[in-house]
Amino acid sequence: MAAALWARRGRRTAAVVGTVARSGSSRAALQSQYDALVIGGGHNGLVAAAYLQKGGLKTAVLERRHVLGGAAVSEEIVPGFHFSRCSYLLSLLRPHIYADLELKKHGLKVYMRDPHAFTPMLEEGVKGAPPRSLTLGSDLAMNQKEIGKFSQKDAKAYPDFVAHLEKLAGAIHPLLDAPPVDIPGVTTGSLGKRLAAAKTLTPLVKCGLKLGRNVPDFYEIVTAPIMKILNRWFDSEPLIATLATDAVIGAMTSPSSPGSGYVLLHHVMGELEKEKGAWGYVEGGMGGVSQAIASAAQSYGVDIFTEKDVAQVLVGSDGAARGVALKDGTEISSRVVLSNATPYVTFKNLTPQAALSPEFIKAINQIDYTSPVTKINVAVDKLPNFLARPTPDGIPGPHHQCSIHLNCESVEVLETAYKEAMNGRPSTNAGDEIPSVLDPTLAPPGCHVVSLFTQFTPYHIEGREWTDQDREAYADTAFDWVEQYAPGFKKSVVGRDILTPPDLERIFGLTGGNIFHGSMSLDQLYLARPLPFLSNYRSPVKGLYLCGSGTHPGGGVMGSPGFNAALTTIADLKRH
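Reference entry: report on the structure contained in this document. Owing to the predicted nature of the structure, the values given are computational and were not obtained by experimental measurement.

Parameters and conventions
- Numbers given for residues are sequential positions, taken from 1 along each chain in its written order.
- For a predicted model such as this one, the threshold for reporting local features is a pLDDT of at least 70, and the threshold for listing and counting side-chain atom pairs is 80 or more; totals across whole chains, interfaces and linings nevertheless cover every residue.
- Based on all heavy atoms of the structure, the side-chain values leave hydrogens and waters out of the count.
- Geometry of aromatic contacts follows a simple scheme: Phe, Tyr and Trp rings, the Trp one being its six-membered ring, pair when their centres are within 6.5 Å, and the pair is stacked under 30 degrees between planes, edge-to-face over 60, tilted otherwise.
- Working definition: helices are DSSP H or I runs of at least four residues, strands are E runs of at least two. Numbering for both runs from the N terminus.
- When a residue's accessible area, from a 1.4 Å probe over protein chains only, is under 20% of the maximum for its type it is buried; when over 50% it is exposed; and in between it is partly exposed.
- A helix's residues, less one, multiplied by 1.5 Å, set its expected span.
- Think of the arc as the fan of directions from the helix axis to the C-beta atoms.
- Here, two residues are considered to be in contact whenever any of their heavy atoms come within 4.5 Å of each other.
- Throughout this description, the term salt bridge denotes a Lys or Arg side-chain nitrogen within 4 Å of a carboxyl oxygen of Asp or Glu.

### Let's talk about the packing of aromatic side chains
Link 1 in the chain: Overall, the coordinates contain 14 aromatic pairs when judged by the stated rule.
Link 2 in the chain: A ring pair is formed by Tyr 158 and Phe 161, whose centres lie 6.5 Å apart and whose planes are at 35°; its orientation type is tilted. On the criterion of helical spacing, the pair formed by Tyr 158 and Phe 161 is a turn pair, its members being 3 residues apart in helix H4 (residues 152–176). An identical accessibility class is assigned to Tyr 158 and Phe 161; each is buried.
Link 3 in the chain: Here a set of aromatic residues connected by ring pairs shows up, and it is made of Tyr 158, Phe 161, Trp 233 and Phe 234.

Structure (structure tokens):
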């Protein structure tokens with residue numbers, strides 16, 4: 001069937017699924033006064049609201065779109081096909097939040113993926129055999145057999161490498177669930193206040209104790225190019241390239257760039273259903289996560305509203321936040337305001353500039369939001385059939401439930417693509433997901449939804465803005481690459497939704513199109529996220545807090561920024 005472009009430039013063309021408060025309001029009416037207001041109904045905003053309400057603060061969430069979830073949304077872009085339109089995989093939802101909010105009781109259902117990575121080769125098979133491929137999962141014996149097709153030495157080394165990464169990633173967990181160290185509190189003020197602030201050192205101490213003799217290894221992996229690490233462990237190009245792909249995903253960086261090692265570590269530190277490093281598909285799409293968190297929040301008494309577009313944070317004559325004004329002119333007062341928007345949107349668009357110093361505004365302008373990502377959501381009428389792992393009659397194989405790495409089986413390809421994007425030219429490396437293989441609720445029988453997470457694409461094409469023609473040409477190029485690995489893919493397409501970095505910014509509020517609310521580079525992590533003097537969720541405006549992924553521990557770690565911000569807010573109100 002010829003491709004029918006049901007949703008050009010991300011226009012809303014059909015009903016929304018997997019949402020809460022679809023009509024623009026929750027069961028309660030919007031009040032004129034609350035204890036706490038949360039700007040943005042993304043997953044971190046919803047988590048923050050739940051814990052604020054649990055802490056005794058009457059809380060409301062104000063979402064500007066027609067659907068809750070921020071980037072974690074499910075939308076029916078092509079009739080009958082339900083997409084995780086932006087975020088598409090679940091792993092880094094913190095276990096204590098999952099349990100504390102009883103998200104399973106509130107409808108969250110996850111399909112575990114195993115195996116989890118499939119890298120097919122573009123090559124001629126030997127003596128009529130299919131091209132080679134590399135499949136990795138939780139079964140170490142199977143992994144060694146797969147890697148052994150390319151290198152027996154690498155197959156032997158792989159279990160030790162995985163154990164090494166897991167040890168380093170496990171040591172970070174105490175840092176994810178607490179605010180960064182309170183440096184001003186520890187170094188200034190009365191002895192009592194300094195001793196109280198010293199408690200914030202506890203997660204850092206736990207991290208150090210867990211690392212033990214591995215502290216130098218941890219330092220190296222968070223500062224070094226991932227290629228330095230991988231080349232020490234392995235020789236075979238397909239394995240190195242597969243692992244290097246995870247070190248640059250979502251980041252405008254290359255495997256040879258310093259700090260790319262941390263991005264790989266970031267993607268192995270997750271946990272699902274008590275399985276370390278596991279990733280899964282949420283039933284109904286990623287909107288199911290947001291729906292479950294919203295349901296939990298509403299059960300505690302949180303009021304949740306969609307299509308409530310905040311124009312400005314209201315700041316009183318005393319310099320403190322006192323509520324928000326909506327774009328329709330409605331004013332809502334509150335004791336505190338938490339923003340789930342990016343730091344840039346919060347302080348450049350929503351906060352009166354007179355309430356901020358010129359030096360602060362200048363620093364906000366320097367935060368890096370560069371993004372390489374274009375997301376293409378595709379509806380197909382048959383399952384892609386890969387030359388490297390052919391399956392008969394549209395029957396899914398284990399590799400169909402993986403992250404499928406296309407056009408990235410060599411590091412040189414990744415490096416070249418990065419350089420092209422830095423020069424303003426799009427280059428296509430695709431991560432292919434087919435969640436409907438495990439979740440039958442997403443597509444009609446026999447059909448599937450395909451998520452193409454592609455990079456590297458610049459925000460501007462050689463200095464100019466993207467046009468509709470550019471979007472379609474880029475998607476056509478991406479489809480041409482998929483076609484080489486899975487002939488017949490292009491004919492199976494019945495609809496597509498193309499989201500370039502500017503589209504991700506316009507639709508989801510992701511500044512620069514950055515999926516992490518800001519680069520996960522070393523200068524924007526932990527004590528420096530989003531800025532060195534702004535890492536404790538508080539802002540220069542008293543009563544205004546950040547609770548989104550632009551704060552520690554960063555994008556992808558679902559719930560932790562909202563949880564930490566809520567507890568910080570409650571503690572401040574108790575002190576004052």
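That shown, we press on.
### Examining helix H15 (residues 411–422)
Link 1 in the chain: Across its 12 residues, H15 extends 17 Å between first and last C-alpha, which sits within 8% of the 16 Å expected from 1.5 Å per residue.
Link 2 in the chain: Among all positions of H15, only Val 411, Leu 414, Glu 415, Ala 417, Tyr 418 and Ala 421 are buried. Each buried residue of H15 lies within a common arc of 165° when the element is viewed along its axis, so the set occupies one face. The exposed set on the far side of H15, more than 90 degrees from its buried face, consists of Glu 412 and Lys 419.
Link 3 in the chain: The positive-phi residue at the C-terminal boundary of H15 is Gly 424, with phi of around 85°.

### Things to note about the environment of Gly 208
Link 1 in the chain: Within the fold, Gly 208 resides in helix H7 (residues 202–211).
Link 2 in the chain: The sequence separation of Gly 208 and Gly 319 amounts to 111 residues, and the corresponding C-alpha distance is 40 Å.

### A short note on the side chain of Thr 511
Link 1 in the chain: Tracing the backbone shows Thr 511 in the loop between helix H18 (501–508) and strand E20 (544–546).
Link 2 in the chain: Dropping the residues within four chain positions of it, Thr 511 is found in contact with Thr 342, Tyr 344, Val 345, Tyr 369 and Glu 505.

### Here's the deal with the pattern of salt bridges
Link 1 in the chain: Applying the stated rule across the entire model yields 24 salt bridges.
Link 2 in the chain: Arg 94 is the partner of Asp 177 in a salt bridge, and the nearest nitrogen-oxygen pair spans 2.8 Å. One end of the pair, Asp 177, is in the loop between H4 and helix H5 (183–187); the other, Arg 94, is in the loop between strand E4 (81–84) and helix H2 (95–100), and 83 residues separate them in sequence.
Link 3 in the chain: On the basis of relative accessible area, Asp 177 is assigned to the partly exposed category, the value being 25%.
Link 4 in the chain: For Arg 94, a relative accessible area of 4% corresponds to the buried category.

### A closer look at helix H19 (residues 560–575)
Owing to its 3.6 residues per turn, the α-helix brings residues three or four apart onto one side.
Link 1 in the chain: With 16 residues, H19 should reach 22 Å at 1.5 Å per residue; the first-to-last C-alpha distance of 23 Å fits that figure.
Link 2 in the chain: Burial in H19 covers these residues: Ser 560, Pro 561, Gly 562, Phe 563, Asn 564, Ala 565, Ala 566, Thr 568, Thr 569, Ile 570 and Asp 572.
Link 3 in the chain: On the buried face of H19, the contacting elements are helix H1 (43–54), H2, H4, strand E14 (331–339) and E20.

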